[in-house]
Amino acid sequence: MNLENIEAFVYVNHFGSFNKAAEVLYLSQPSVTARIQTLERELDCKLFDRLGKQVVLTEQGKQFLPYAQKILQTFQKGKLQLQQRTAVPNELRIGSTASVSNYVIPELLPVIKARFPELTFKLTTAPTEDLTAKLLNREIDIAFVRKSAHPAFQSFLFHEDPIKLYVYADHPFAFSGKASLRDIIGQPLVFFECGALDWLRLHRVFEGLDQPPDIVYHADNAETAKKLVMRKAGICFLPGLTVRQEVAEGRLKPVEIEETAGIALQTNLIALSGEHEEIIRLLRSVDLREALAS
């Protein structure tokens, strides 16, 4: 049985599409189709059904999937062992989203450097989609991204950053530290939009209002958004890491909003399965709150 056929099967299932699987595997769509057909002949069963443009597993496909995934994982681990890819490299290439690059990486790198003094670093800042592509192409070694699922990756929750309303120091909300969602109506709002799925929850909360919030400024950069707030241009929902210094200095004040409690920006640490395990173990052991407080 050809391992490439099993790989095609796993990828088609993950993406629900022959075309998308072909794109990720750098193959033509007919090549992926041919691999699936060959595998189906070897197994003497049909693995996929088509539902419009989507493809879904048949019952036989569902039964075979965990074995196919295990075969790929076992092969990759064996290959990595032979190539000694788990050894710490001389240079660690780290990819991260903008917020992690700005507010986490400067605190994190000295922790890694203390454990691996000979290590040098190359940093890349990009959106999650670009970083996952770079990781697949081995242009980077590890990445800090928003939620991402891919059969070739190992993924771990690294940090959840609460999203709260922040106001300037002498804003009326600052004195009580609390407000309701309805209190926001009529307040000029700076809306920071980072593009992560976590922000959809904020959108849904606002949809429940009788009238929309007064969004005066849309910003795709946290630094721009918080500076607008400090200039008293409006108030803004922001992740806690982005305003840590300003809150400590008293220039920004957090305001509790019951309707938005629990909304947080999630950052995952990802790498290719079986690779850079020593670095990953170290990073997973880091208490980020303690590192940021030091």
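The name given to the protein chain in an unreviewed UniProt entry is Transcriptional regulator, with Thermobacillus composti as the source organism. In the Sequence similarities (unreviewed entry) part of its UniProt record, the protein chain is described as follows: "Belongs to the LysR transcriptional regulatory family."

(A) View of the pattern of salt bridges. For the coordinates displayed, the defined rule picks out 15 salt bridges. Close ionic contact of Arg35 with Glu4 constitutes a salt bridge, the shortest N to O distance being 3.4 Å. Here Arg35, found in helix 3 (residues 29-43), pairs with Glu4, found in helix 1 (residues 3-15); they are 31 residues apart in sequence, far enough to count as distant. By relative accessible area, Arg35 is classed as buried at 17%. Note on Glu4: relative accessible area 41%, which makes it partly exposed. We note a salt bridge from Arg251 to Glu246, for which the minimum N-O separation is 3.9 Å. According to the relative accessible area criterion, Glu246 is buried, its value standing at 7%. Linked through salt bridges whose partners overlap, the residues forming this network are Glu223, Lys226, Glu246, Glu249 and Arg251.

(B) Local environment of unusual backbone geometry. Within the chain, Asp44 stands out as a residue other than glycine whose phi angle is a positive 60°. The topology assignment puts Asp44 in the loop between helix 3 and strand 1 (48-51). Residue classification places Asp44 among the exposed positions, given a relative accessible area of 70%.

(C) Quick peek at the environment of Arg50. Within the fold, Arg50 resides in strand 1. Sequence separation between Arg50 and Asn2 is 48 residues; the distance between their C-alpha atoms is 24 Å. In this structure Arg50 touches Phe18, Gln29 and Val55, once residues within four positions along its chain are discounted.

(D) Local environment of the domain arrangement of the protein chain. With domains assigned, the protein chain is organised as domain 1 (3-83) and domain 2 (89-293). Look at where the C-alpha atoms of domain 1 and domain 2 centre, and you get two points 35 Å apart. Carbon and sulfur atoms supply 59% of the area buried between domain 1 and domain 2, which totals about 710 Å² over both sides. Put simply, domain 1 and domain 2 have zero salt bridges between them. Where domain 1 packs against domain 2, one counts one residue pair in polar contact (both at pLDDT 80 or more). At the level of secondary structure, the elements contributing two or more residues to the side of domain 1 that touches domain 2 comprise helix 1 and helix 4 (59-83).

Thresholds applied
Residues numbered from 1 in each chain as written. Predicted model: local features only at pLDDT ≥ 70, side-chain atom pairs only at ≥ 80, totals over all residues. Heavy atoms only, no water. UniProt positions renumbered as here; feature names shortened; annotations may be inferred. Salt bridge = Lys/Arg side-chain N within 4 Å of Asp/Glu carboxyl O. Helix = DSSP H or I, 4+ residues; strand = E, 2+ residues; numbered from the N terminus. Buried < 20%, exposed > 50% of the residue type's maximum accessible area, 1.4 Å probe, protein only. Contact = heavy atoms within 4.5 Å. Domains from an automatic or database assignment. Buried area = accessible area lost by both parts, 1.4 Å probe. Polar contact = N/O pair within 3.5 Å; in protein donor to acceptor, adjacent residues only side chain to side chain.

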